[in-house]
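Commentary on secondary and tertiary structure
One-letter residues, chain by chain:
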Amino acid sequence: MSGSPVSVSSQEEYMVEAITNKRVKNGRTEYEVKWQGYSDNEKTWEPIENLQSVMTYVLDFESSLKNKPQEVGEGSYDDGDSADEIIQIRKDNDGQNLLFQVSWKQKNNRLPKVSWINQNSIKMHNPEILIDYLLKKIKWPNNK
(Lines give C-alpha, C1' and ligand atoms only; values in the text may rest on other atoms or scores of the structure.)
Protein backbone atom coordinates (compact mmCIF):
# COMPACT_ATOMS: atom_id res chain seq x y z
CA MET A 1 0.00 0.00 0.00
CA SER A 2 1.53 3.32 -0.95
CA GLY A 3 1.34 6.24 1.44
CA SER A 4 -1.43 8.78 1.21
CA PRO A 5 -0.93 12.41 2.15
CA VAL A 6 -2.23 13.63 5.49
CA SER A 7 -2.48 17.32 6.23
CA VAL A 8 -1.31 18.01 9.76
CA SER A 9 -1.37 21.75 9.28
CA SER A 10 -2.53 24.08 6.57
CA GLN A 11 0.94 24.09 4.98
CA GLU A 12 2.47 20.62 5.37
CA GLU A 13 1.49 17.16 4.16
CA TYR A 14 3.12 13.90 5.25
CA MET A 15 2.81 10.39 3.88
CA VAL A 16 1.69 7.61 6.21
CA GLU A 17 3.78 4.44 6.17
CA ALA A 18 1.81 2.55 8.83
CA ILE A 19 -0.44 2.78 11.85
CA THR A 20 1.47 1.05 14.66
CA ASN A 21 -0.54 1.45 17.84
CA LYS A 22 -3.77 2.79 19.34
CA ARG A 23 -4.67 4.45 22.62
CA VAL A 24 -7.48 6.33 24.28
CA LYS A 25 -6.32 9.52 25.93
CA ASN A 26 -8.77 11.76 27.77
CA GLY A 27 -11.64 9.84 26.17
CA ARG A 28 -10.30 10.44 22.66
CA THR A 29 -9.00 7.67 20.35
CA GLU A 30 -5.55 8.32 18.90
CA TYR A 31 -3.40 6.25 16.56
CA GLU A 32 0.39 6.08 16.50
CA VAL A 33 1.56 6.92 12.98
CA LYS A 34 4.85 5.88 11.37
CA TRP A 35 5.58 8.51 8.72
CA GLN A 36 7.19 7.64 5.40
CA GLY A 37 10.82 8.74 5.32
CA TYR A 38 11.00 9.25 9.10
CA SER A 39 12.47 7.04 11.81
CA ASP A 40 10.53 5.12 14.47
CA ASN A 41 11.59 7.81 16.97
CA GLU A 42 9.52 10.31 14.99
CA LYS A 43 6.19 8.49 15.20
CA THR A 44 3.34 10.69 16.40
CA TRP A 45 -0.03 10.14 18.05
CA GLU A 46 -2.83 11.48 15.86
CA PRO A 47 -6.55 11.77 16.57
CA ILE A 48 -8.83 9.97 14.14
CA GLU A 49 -9.94 13.33 12.70
CA ASN A 50 -6.43 13.86 11.28
CA LEU A 51 -6.48 10.48 9.55
CA GLN A 52 -9.65 10.72 7.44
CA SER A 53 -7.72 10.62 4.17
CA VAL A 54 -5.91 7.40 5.18
CA MET A 55 -8.75 5.40 6.70
CA THR A 56 -7.58 2.25 4.90
CA TYR A 57 -4.50 2.27 7.18
CA VAL A 58 -6.70 2.70 10.26
CA LEU A 59 -9.07 -0.08 9.13
CA ASP A 60 -6.15 -2.42 8.38
CA PHE A 61 -4.71 -1.73 11.83
CA GLU A 62 -8.07 -2.29 13.53
CA SER A 63 -8.43 -5.55 11.61
CA SER A 64 -4.99 -6.69 12.81
CA LEU A 65 -6.05 -6.05 16.42
CA LYS A 66 -8.74 -8.71 16.10
CA ASN A 67 -6.00 -11.31 15.53
CA LYS A 68 -4.04 -10.37 18.66
CA PRO A 69 -4.60 -12.08 21.99
CA GLN A 70 -6.97 -10.17 24.28
CA GLU A 71 -5.31 -7.98 26.86
CA VAL A 72 -6.01 -8.87 30.44
CA GLY A 73 -7.02 -5.88 32.52
CA GLU A 74 -5.54 -2.50 31.97
CA GLY A 75 -2.63 -0.31 32.87
CA SER A 76 -1.26 2.71 31.15
CA TYR A 77 1.57 5.18 31.36
CA ASP A 78 -1.04 7.78 30.36
CA ASP A 79 -2.97 7.08 33.57
CA GLY A 80 0.13 7.78 35.68
CA ASP A 81 0.75 4.08 36.29
CA SER A 82 4.17 2.47 35.99
CA ALA A 83 5.05 -1.02 34.87
CA ASP A 84 6.04 -3.18 37.82
CA GLU A 85 7.29 -6.37 36.25
CA ILE A 86 7.61 -8.06 32.85
CA ILE A 87 5.71 -11.31 32.78
CA GLN A 88 6.49 -12.46 29.25
CA ILE A 89 7.64 -11.28 25.84
CA ARG A 90 6.34 -12.04 22.34
CA LYS A 91 6.71 -10.63 18.84
CA ASP A 92 3.98 -8.52 17.27
CA ASN A 93 1.96 -9.82 14.31
CA ASP A 94 4.57 -8.58 11.83
CA GLY A 95 7.40 -10.21 13.78
CA GLN A 96 9.25 -6.88 13.69
CA ASN A 97 8.80 -5.62 17.26
CA LEU A 98 8.58 -7.05 20.73
CA LEU A 99 5.53 -6.77 22.96
CA PHE A 100 5.87 -7.05 26.72
CA GLN A 101 3.17 -8.36 29.01
CA VAL A 102 3.58 -6.33 32.20
CA SER A 103 1.93 -6.03 35.56
CA TRP A 104 1.25 -2.47 36.66
CA LYS A 105 1.84 -0.47 39.82
CA GLN A 106 -1.24 1.67 39.67
CA LYS A 107 -1.40 5.19 41.00
CA ASN A 108 -4.99 5.18 42.20
CA ASN A 109 -4.79 1.98 44.31
CA ARG A 110 -6.82 0.06 41.77
CA LEU A 111 -6.41 -3.70 41.66
CA PRO A 112 -3.19 -4.84 39.94
CA LYS A 113 -3.69 -5.30 36.21
CA VAL A 114 -1.79 -6.86 33.33
CA SER A 115 -1.52 -5.69 29.72
CA TRP A 116 0.71 -5.78 26.64
CA ILE A 117 2.86 -2.78 25.74
CA ASN A 118 5.28 -2.23 22.88
CA GLN A 119 9.07 -2.22 23.12
CA ASN A 120 9.39 1.54 22.62
CA SER A 121 7.08 2.29 25.54
CA ILE A 122 8.94 0.06 27.94
CA LYS A 123 12.34 1.39 26.83
CA MET A 124 11.17 4.96 27.31
CA HIS A 125 9.24 4.61 30.58
CA ASN A 126 10.66 1.63 32.48
CA PRO A 127 14.02 0.47 31.10
CA GLU A 128 15.02 -0.79 34.55
CA ILE A 129 12.39 -3.56 34.53
CA LEU A 130 13.57 -4.62 31.08
CA ILE A 131 17.11 -4.93 32.40
CA ASP A 132 15.88 -6.85 35.48
CA TYR A 133 13.92 -9.26 33.29
CA LEU A 134 16.86 -9.91 30.97
CA LEU A 135 19.29 -10.41 33.87
CA LYS A 136 16.97 -13.08 35.31
CA LYS A 137 16.93 -14.87 31.95
CA ILE A 138 20.71 -14.91 31.40
CA LYS A 139 22.37 -18.24 32.18
CA TRP A 140 25.54 -17.26 33.99
CA PRO A 141 28.44 -19.77 34.00
CA ASN A 142 29.16 -21.37 37.35
CA ASN A 143 32.43 -20.02 38.72
CA LYS A 144 34.05 -22.34 41.24
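Here, the structure is the one placed above.
Just so it is clear, the structure is predicted and the values come from calculations on it, not from any experiment.

So, the side chain of Lys43
Mapping Lys43 onto the fold places it in the loop between β3 (28-35) and β4 (44-47). Buried and without a salt bridge, Lys43 has Asp40 as its closest oppositely charged side chain, separated by 4.2 Å. In this structure Lys43 touches Thr20, Glu32, Val33, Lys34 and Asn120, once residues within four positions along its chain are discounted.

Re the packing of aromatic side chains
All told, the structure shown has 3 aromatic pairs when counted by the stated rule. Residues Tyr14 and Tyr38 carry aromatic rings whose centres are separated by 5.9 Å and whose planes lie at 65° to one another, so their mutual orientation is edge-to-face. Within this pair, whereas Tyr14 is found in strand β2 (residues 13-25), its partner Tyr38 is found in the loop between β3 and β4, the two being separated by 24 residues in sequence. Residue classification places Tyr38 among the partly exposed positions, given a relative accessible area of 34%. Look at Tyr31 and Phe61: their rings are 6.2 Å apart centre to centre, the planes differ by 90°, and that puts the pair in the edge-to-face class. With Tyr31 in strand β3 and Phe61 in helix α1 (residues 55-65), the pair connects residues that are 30 residues apart, well separated along the chain. Exposure remark for Tyr31: the relative accessible area of 5% places this residue in the buried category. Every member of this aromatic cluster is reached through a ring pair, and the members are Tyr14, Trp35 and Tyr38. For Arg90, the ring lying beneath its charged end belongs to Trp116, and the centroid distance is 4.5 Å.

Overview of the pairing of strand β6 (residues 98-105)
The side chains of a regular strand alternate between both faces of the sheet. Counting buried positions along β6 gives 6 out of 8 residues, so the element sits mostly inside the fold. With 8 bridges connecting them, strand β5 (residues 82-91) and β6 associate as antiparallel partners. Pairing of Arg90 across the sheet is with Leu99, part of β6. Between β5 and β6, which pair antiparallel in sequence order, lie 6 residues; one of them, Gly95, sits at a positive phi of approximately 75°. The sheet contact formed by β6 and strand β7 (residues 114-118) spans 5 bridges and is antiparallel. Looking at the pairing, Gln101 lines up with Trp116 of β7.

Cut-off values and rules
Residues numbered from 1 in each chain as written. Predicted model: local features only at pLDDT ≥ 70, side-chain atom pairs only at ≥ 80, totals over all residues. Heavy atoms only, no water. Helix = DSSP H or I, 4+ residues; strand = E, 2+ residues; numbered from the N terminus. Buried < 20%, exposed > 50% of the residue type's maximum accessible area, 1.4 Å probe, protein only. Lys, Arg positive; Asp, Glu negative; His and termini not counted. Salt bridge = Lys/Arg side-chain N within 4 Å of Asp/Glu carboxyl O. Contact = heavy atoms within 4.5 Å. Phe/Tyr/Trp six-rings, centres within 6.5 Å; stacked < 30°, edge-to-face > 60°. Lys NZ or Arg CZ within 6 Å of the ring centre and 35° of its normal. Pairing = 2+ DSSP bridges.

So yeah, pure geometry; function would need other evidence.
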